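So the chains spell out like this:
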Amino acid sequence: MITLDLAQTSLREVNARLHALGPDTNERGWRIVNPRGANAVAVGLRVPIEVEIDGHVGYYCAGMNRDATVTVNGHSGTGVAENIMSGVVRVRGNASQSAAASGRGGLVVIEGDASSRCGISMKGVDIVVGGSVGHMSAFMAQRGHLVVCGDAGPDLGDSIYEAVLYVQGRVAGLGGDCIEKPMTAEHVMTLRGLLAQAGIAADPAGFRRYGSARKLYHFHADHAHAY
Amino acid sequence: MCGIVGLFFKNPSLHADLGIHFRTMLIGMSERGPDSAGIAVYHRPAAEGRSKLTLFSPAADCPWREIAAELAAALEVAVEFDVRANHAVLTVDGDESRARAWLAGHRPELRVMGYGRLMEVYKDKGLPAQVIAKFDIAAMEGSHAVGHTRMATESAVTTEHSHPFAAAPDMCLVHNGSLSNHNRLRQWLRRQGMSFETDNDTEVAARYFAYRLGQGATVIQALEAALVDLDGFYTFTMGTRDGFAVLRDGIACKPAVLAETDDWVAMASEFRSLAQLPGVERATIWEPRPSVVYTWTLQ
């Protein structure tokens, strides 16, 4: 494992070192120490390497990730794994707002709580949160899964498209066009798979499923007869 | 975008190091606010029955000695002064209101940045590092401080438009965000008898809180009332005589991180301003919830 120390090396140099790796690199194990809340740590990785970050990170950690596995041994700031394409991003602590925002693929695991707008505009990413999520999570979520082992804040899944939401705890309130849907055997199986991938122990039978009522897909003329 | 920070020591043995830690916190927010910076520091209490006023002079060679002497003669009280760059702290007998009235009438070019028994306010244009050096903030001791780095979006970049805004004795406010109903609220507060020194939205919020506190509200009640009366985006940190308070609006777009150990409580817009605090690796760290008032006070 190769260690990069952000107390000694600039963020730009650390990220450039990781960006220079080719897909067949032998340098597959990396450790970044002393992040001290720095923004944009390990963004834009494109090769299947494993990166462990020891400490708390700032904004946009592991954003745009492709193929890499990034683990934060701490908390993360706004927008962790935003626009993730593939690979795995894991936060051992809590994540601030907009975790995995607009993610297109891959897996994002927040072992603690995620704040507001978790999975906003998600487009295919799978997100598993060990704790709770804040308000407006999965806002305009288009595709992928959001699994919440704790509670969900107000306005969950507002204006949701075809993403699927599973919540084990209490939902403070559903957003516009988001409704509860039945858990079938197929959904239990999908959820079991997601929890297993995330390495989080929870019983899929205890979750409820939420998704789109599909009422916002088309212009809805309430008073057409009046004209 | 702006950066805000607050540091409050529970352990008095750390008071001597307030400025050293606060410098690091404020510089950590340079990228969020390169236009101006400021600090309200709570220290060196004026003797019982006396008050401190922090004044700013736009002129380079302000005759502080002469002003202090004129003020002493006019009010027939003892006045001491202590100059720091283009600011000076005047300590006067009694509450500060007579001195403020005299200054407004006789030295209108001076601006009162803050007043009270404990609080001093230093703020100016420039990068946080420049403002810190100008006022020698690293050398300051004290029990607590709040600070701000400004990236201006809604009103001019001047010393007067910098934060913190002080509107009541030993009370000040720093703000990350923007208010959308500040014009209407300013009109309303004027009708209640409040006067304003700038067109800045945060000054309106500071005077709003001063008004509520003046009406008998507690800090918590004043902040909770703001959830109804203030429209816009905000993370506020309010400095008070014996502590500080934090409030985020219901949408909570503007960031905030809180950290607490047995020795201190700190807040910052981003964790990187907390990363150097002593014992931070053992701190409890969390994000304040939307629409929830957090307060800490000296025991």
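Numbering of residues starts from 1 in each chain and follows the order in which that chain's sequence is written. The naming scheme follows written order: chains are lettered A onward, ligands numbered 1 onward. Given that this is a predicted model, residues contribute local features only at a pLDDT of at least 70 and side-chain atom pairs are listed and counted only at 80 or more, while totals for whole chains, interfaces and linings are drawn from all residues.

## Describing the overall build of chain A
Selection criterion: For the purposes of this entry, the term helix denotes a DSSP run of H or I that reaches at least four residues, the term strand denotes a run of E that reaches at least two, and both are numbered from the N terminus. Radius of gyration here is computed from C-alpha atoms only, and the compact-globule reference equals 2.2 Å multiplied by the residue count raised to the power 0.38. It is the C-beta atoms, placed from the backbone, that decide contacts: two residues are in contact if theirs lie within 7 Å.
Counting its secondary structure elements, chain A contains two helices and 11 strands. Going residue by residue from the N terminus, the α and β elements of chain A occur as β-α-β-β-β-β-β-β-β-β-β-α-β. Against the globule reference of 17 Å for 227 residues, chain A gives a C-alpha radius of gyration of 18 Å, in line with a compact fold. Across its three principal directions, the C-alpha atoms of chain A cover 70 × 45 × 30 Å. Within chain A, contacts between residues at least 6 apart in sequence are counted, and of these 24% link residues at least 24 apart.

## Details of the overall build of chain B
Spelled out, the test is: Think of it as a crowd count around each C-beta: if 20 or more other C-beta atoms lie within 10 Å the residue is buried, if 12 or fewer it is exposed, and in between it is partly exposed, with C-beta placed from the backbone throughout.
Looking only at helices and strands, chain B has seven helices and 16 strands in total. Expected size for 299 residues packed as a compact globule is a radius of gyration near 19 Å; at 18 Å, chain B falls within 12% of this value. Per-residue burial for chain B yields a buried fraction of 49% across its 299 residues. Considering only contacts in chain B between residues 6 or more positions apart, those separated by 24 or more positions represent 73%.

## As for the sheet that holds strand 3 (residues 50-56) of chain B
Each strand in a sheet pairs with its neighbour through backbone hydrogen bonds, running either in the same direction (parallel) or in the opposite one (antiparallel). All names here are of chain B. Here is the rule we go by: Pairing between two strands is assigned when DSSP locates at least 2 bridges connecting them. Fitted lines through C-alpha atoms give the axes, limited to the stretch in contact for helices. The angle between two N-to-C directions lies from 0 to 180 degrees.
Spatially, the four strands line up as an open sheet ordered 4-5-3-6, and their pairing is antiparallel. Looking along the sheet, the strands with just one partner apiece sit at the ends: strand 4 (79-84) and strand 6 (111-116). Between one strand axis and the next, the sheet turns through 20° on average, direction left out of account.

## With respect to the packing of helix 5 (residues 182-191) of chain B against helix 6 (residues 201-214) of chain B
All names here are of chain B. So the rule is basically this: Angle categories are assigned with fixed cut-offs, so that under 35 degrees is roughly parallel, over 145 is roughly antiparallel, 65 to 115 is roughly perpendicular, and the rest are oblique. Take the far helix as the reference: if the near one is turned anticlockwise from it by less than a right angle, the crossing is left-handed, and if turned clockwise, right-handed. Amino acids outside the nonpolar list (Ala, Val, Leu, Ile, Met, Phe, Trp, Tyr, Cys, Pro) and the charged list (Asp, Glu, Lys, Arg) are all regarded as polar, and Gly is one of them.
Taken N-terminus to C-terminus, the directions of helix 5 and helix 6 make an angle of 40°; their axes are 10 Å apart at the nearest point. Between helix 5 and helix 6, the angle falls in the class oblique. Of the two possible hands of crossing, helix 5 and helix 6 adopt the one that is left-handed. Along the contact surface, helix 5 presents H182, L185, R186 and L189, while helix 6 presents D201, V204, R207, Y208 and Y211. Class assignment for the residues of the contact of helix 5 with helix 6 results in five nonpolar, one polar and three charged.

## Looking at the interface of chain A and chain B
Contact residues are listed per partner, giving 12 residues for chain A and nine residues for chain B. Among the residues forming the side of chain A that touches chain B, the class breakdown is one nonpolar, 10 polar and one charged.

## Regarding the pairing of strand 6 (residues 107-110) of chain A
Residue and element names in this part refer to chain A. What you see with strand 6 is no split at all: L107 and V109 on one side and V108 and I110 on the other are buried throughout. With four bridges joining them, strand 5 (residues 88-91) and strand 6 adopt parallel strand pairing. What sits directly across from V88, in strand 6, is L107. When strand 6 meets strand 7 (residues 123-129), the two strands line up parallel, connected through four bridges. Its bridge partner lying in strand 7, V109 is registered against V128.

## So, the packing of helix 2 (residues 64-75) of chain B against helix 3 (residues 97-106) of chain B
Residues and elements named next belong to chain B. In the contact formed by helix 2 and helix 3, the axes pass within 11 Å of each other and the chain directions differ by 120°. One element, helix 2, and the other, helix 3, form an angle in the oblique class. Considering the relative orientation of helix 2 and helix 3, their crossing is right-handed. When helix 2 is examined against helix 3, the residues E70, L71, A74 and L75 are found in contact with a partner set consisting of R98, A99, W102 and H106.

## Let's talk about helix 6 of chain B
All names here are of chain B. Keep this limit in mind: By this rule, a helix spans an expected 1.5 Å times one less than how many residues it contains.
Taking 1.5 Å of rise per residue, 14 residues should cover 20 Å, and helix 6 covers 20 Å from first to last C-alpha, within 8% of that figure. Burial of helix 6 is extensive: 12 of the 14 residues sit out of reach of the surface. Among all positions in helix 6, only D201, T202, E203, V204, A205, A206, R207, Y208, F209, A210, Y211 and R212 are buried. Just beyond helix 6, the residue with positive phi is G216, at close to 105°.

## Focus on the pairing of strand 3 of chain B
All names here are of chain B. The element strand 3 is largely enclosed, with a buried count of six among its seven residues. In terms of strand pairing, strand 3 meets strand 5 (residues 87-93) through seven bridges, oriented antiparallel. If you follow F56 over to strand 5, its bridge partner there is H87. Across five bridges, strand 3 lies against strand 6 in antiparallel orientation. Following the sheet pairing, T54 is matched in strand 6 by G114.

## Concerning the confidence of the model for chain B
Let me state the cut-off plainly: By definition, pLDDT measures how confident the predictor is in each residue, and it falls between 0 and 100.
Averaged over every residue, the pLDDT of chain B is 96; the share at 70 or more is 100%. The ipTM assigned to the predicted complex is 0.91, against a pTM of 0.94.

## Here's the deal with the environment of W64 of chain B
Residue and element names in this part refer to chain B. Locating W64 in the fold gives a position in helix 2. Placed 25 residues apart in sequence, W64 and V89 show a C-alpha to C-alpha distance of 9.7 Å. Other than its neighbours up to four places away in sequence, W64 contacts F81, V83 and A88.

## Regarding the environment of T69 of chain A
Residues and elements named next belong to chain A. Assignment of secondary structure puts T69 in strand 4 (residues 69-73). Sequence separation between T69 and I49 is 20 residues, and the spatial gap between their C-alpha atoms is 6.2 Å. When near neighbours in sequence (up to four residues on either side) are disregarded, T69 contacts E50, G87 and V88.

## Describing the sheet that holds strand 7 (residues 119-125) of chain B
Residue and element names in this part refer to chain B. Pairing in this open sheet of seven strands is antiparallel, and the strands run 7-2-8-1-14-13-15 from one edge to the other. Unpaired on one side and paired on the other, strand 7 and strand 15 (284-286) mark the two borders of the sheet. For this sheet the average axis-to-axis angle between neighbouring strands, irrespective of direction, equals 10°. When strand 2 (residues 36-42) meets strand 8 (residues 144-150), the two strands line up antiparallel, connected through seven bridges. Bridge pairing in strand 8 links V41 to A145. Contacts between helix 1 (residues 18-28) and the sheet are confined to strand 1 (2-9), strand 2, strand 8 and strand 14 (264-268), with strand 1 contributing the most and set at about 160° to the helix.

## Examining unusual backbone geometry
With an omega dihedral of 0°, the bond running from H163 of chain B to P164 of chain B counts as a cis peptide bond. Tracing the sequence through the fold places P164 of chain B in the loop between strand 8 and strand 9 (165-168). With a phi close to 60°, R214 of chain A is a non-glycine residue in the positive phi region. Its place among the elements puts R214 of chain A in the segment after strand 11 (208-212). Exposure remark for R214 of chain A: the 12 C-beta atoms within 10 Å place this residue in the exposed category. At D136 of chain B, a residue that is not glycine, the phi angle is positive and equals roughly 50°. By secondary structure assignment, the location of D136 of chain B is in the loop between helix 4 (128-135) and strand 8. Given 13 C-beta atoms within a 10 Å radius, D136 of chain B is considered partly exposed.

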